[in-house]
Amino acid sequence: MLFKQQAWLRQKLLVLGSLAVGSLLYLVARVGSLDRLQPICPIEGRFGARSQAEFPLRALQFKRGLLHEFRKGNTSKEQVRLHDLVQQLPKAIIIGVRKGGTRALLEMLNLHPAVVKASQEIHFFDNDENYAKGIEWYRKKMPFSYPQQITIEKSPAYFITEEVPERIYKMNSSIKLLIIVREPTTRAISDYTQVLEGKERKNKTYYKFEKLAIDPNTCEVNTKYKAVRTSIYTKHLERWLKYFPIEQFHIVDGDRLISEPLPELQLVEKFLNLPPRISQYNLYFNATRGFYCLRFNIIFNKCLAGSKGRIHPEVDPSVITKLRKFFHPFNQKFYQITGRTLNWP
Ligand code: A3P
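Just so it is clear, the model here is predicted, and its values are computed rather than measured.

### Regarding the pattern of salt bridges
Phase 1: On inspection of all chains with the given rule, the structure shows 17 salt bridges.
Phase 2: Across the pair Asp-128 and Arg-167 runs a salt bridge whose closest N-O atoms are separated by 3.0 Å. Taken together, the residues Asp-128 in helix α6 (residues 128–131) and Arg-167 in helix α8 (residues 164–171) connect sequence positions 39 residues apart.
Phase 3: What makes Arg-167 buried here is its relative accessible area of 15%.

Okay, here's the thing in structure tokens:
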């Protein structure tokens, strides 16, 4: 009898024990998965009317998966409707500066779960033919995104094209504008290097940088040379300020984006009112490339194309000195207007 009772008790304890262990395991797994399911980007009111509970959390985490497929066009209209995807006009534009690091900035911002990039430069506002096609044409060029996400496009020609500020203003007078700048002489040489590479590809000869940047008659800086003019940032910015207040611009230090990208990206997140989600995990230095590359997740990472980070030709140091002296007063004015001092020579 006693033996029977003991066996019954043992069995009961065993059942209770397994139940307890099972519950414990379930709780551990649940908490773990809840932790993983936390939205990378909490959806805030300004992103849309839907509540956080309604928002498809997977969308944020698997941007590389589903949205990537949509971007590649591997989906039907029905799927677009089912997933509640839309093509939105950009809430922020990287307007320039050419060779400032515009591609790196766009790709790095795209690491943020609430940002969706327009992969191609659309050239809507600077190209009369495209502009004549109308705003719907522009919107249709935008990638699919969830309503709570923001779309960003970059077309560096916008910064220097006269008609663009007014055209963007007409689309959205409160749009956020990002300008990434590099030390002006380095940027001009980078600009020259890109053109030189194009000429070489076509087996054409080209002038040396020194010959283009310095007027041989006056021995002064040649302000007619486009690569020089583009680097006079303050002149271009002043045109934009006729339409937009300075608070709508954010200046990104392109030299620091190369050497130390995270703090620059954190400043942009702040400017765009995005919760900070880009972390050091997302950026790793690739010694072979000599640049930071991007890590989306444990599987997917990428470096920028080889056309980013070209080796610049050697330039006569006296020409560099002359150019730096030339840009100096314009730089001072640029710091003064933007409130961002960059330690350019
Ligand atoms: P260089 O080719 O002169 O080095 P843009 O995208 O506006 O054309 O700018 C190109 C510049 O981005 C490159 O100029 C490069 O220095 C800079 N850049 C910044 N971060 C980079 C990165 N992580 N990988 C490659 N290039 C980067």
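### A word on unusual backbone geometry
Phase 1: With an omega of 5 degrees, the peptide bond between Gly-96 and Val-97 qualifies as cis.
Phase 2: With respect to the helices and strands, the residue Val-97 is situated in the loop between β2 (92–96) and α5 (102–109).
Phase 3: Unusually for a residue other than glycine, His-123 sits at a positive phi of about 50 degrees.
Phase 4: Exposure remark for His-123: the relative accessible area of 22% places this residue in the partly exposed category.

### Quick look at the side chain of Gln-248
Phase 1: Mapped onto the fold, Gln-248 is located in the loop between α12 (233–240) and β7 (249–253).
Phase 2: Its relative accessible area of 16% is what places Gln-248 among the buried residues.
Phase 3: One polar contact links the side chain of Gln-248 to the main-chain carbonyl oxygen of Ser-173, over a distance of 2.8 Å.
Phase 4: Within the structure, Gln-248 has its side chain in polar contact with the backbone oxygen of Ile-175 (distance 2.9 Å).
Phase 5: Not counting residues up to four positions away in its chain, the partners in contact with Gln-248 are Ser-173, Ser-174, Ile-175, Lys-176, Leu-177 and Phe-271.

### Quick look at the site of the ligand
Phase 1: Among the 18 residues in the neighbourhood of the ligand, the closest are listed as Lys-99, Thr-102, Ser-190, Tyr-292 and His-312.
Phase 2: Take Thr-102: an N or O atom from its side chain is 2.6 Å from an oxygen atom of the ligand.
Phase 3: Note that an oxygen atom of the ligand is positioned 2.9 Å from one of the backbone N or O atoms of Arg-310.
Phase 4: Compared with its free state, where it exposes 580 Å², the ligand has 97% of that area covered by protein.
Phase 5: Those elements giving two or more residues to the shell around the ligand turn out to be α5 and β9 (291–295).
Phase 6: Residues of the shell around the ligand, tallied by class, amount to six nonpolar, six polar and six charged.

### Some points on the sheet that holds strand β10 (residues 301–302)
Phase 1: Pairing is antiparallel in the open sheet, where three strands are placed in the order β8-β9-β10. Lying at the two open borders of the sheet, with one neighbouring strand each, are β8 (283–286) and β10.
Phase 2: Where β8 and β9 come together, four bridges link them in antiparallel fashion. Looking across to β9, one finds that Phe-285 is bridged to Tyr-292.

### Digging into the sheet that holds β2
Backbone hydrogen bonds are what pair the strands of a sheet, in a parallel or an antiparallel way.
Phase 1: Strand order in the open sheet made by the five strands is β3-β5-β2-β6-β7, with parallel pairing throughout. Edge strands, defined here as strands with exactly one partner in the open sheet, are β3 (115–117) and β7. Shown here is a sheet whose adjacent strand axes are inclined to one another by a mean of 25 degrees, direction ignored.

### Points about the state of the cysteines
Phase 1: For the coordinates displayed, the defined rule picks out one disulfide.
Phase 2: Through a disulfide, Cys-293 is tied to Cys-303; the S-S separation comes to 2.0 Å. Residues Cys-293 and Cys-303 share a disulfide whose torsion about the S-S bond is about 100 degrees; that sign makes it right-handed. Within this pair, whereas Cys-293 is found in strand β9, its partner Cys-303 is found in the loop between β10 and α15 (317–338), the two being separated by 10 residues in sequence.

What counts and what doesn't
- Residues numbered from 1 in each chain as written.
- Predicted model: local features only at pLDDT ≥ 70, side-chain atom pairs only at ≥ 80, totals over all residues.
- Heavy atoms only, no water.
- Salt bridge = Lys/Arg side-chain N within 4 Å of Asp/Glu carboxyl O.
- Helix = DSSP H or I, 4+ residues; strand = E, 2+ residues; numbered from the N terminus.
- Buried < 20%, exposed > 50% of the residue type's maximum accessible area, 1.4 Å probe, protein only.
- Polar contact = N/O pair within 3.5 Å; in protein donor to acceptor, adjacent residues only side chain to side chain.
- Contact = heavy atoms within 4.5 Å.
- Near = heavy atom within 4 Å.
- Areas by Shrake-Rupley, 256 points an atom, 1.4 Å probe, with all protein chains shown as cover.
- Nonpolar A, V, L, I, M, F, W, Y, C, P; charged D, E, K, R; others polar.
- Pairing = 2+ DSSP bridges.
- Axes fitted to C-alpha atoms, helices over the stretch in contact; angles between N-to-C directions.
- Disulfide = S-S within 2.5 Å.

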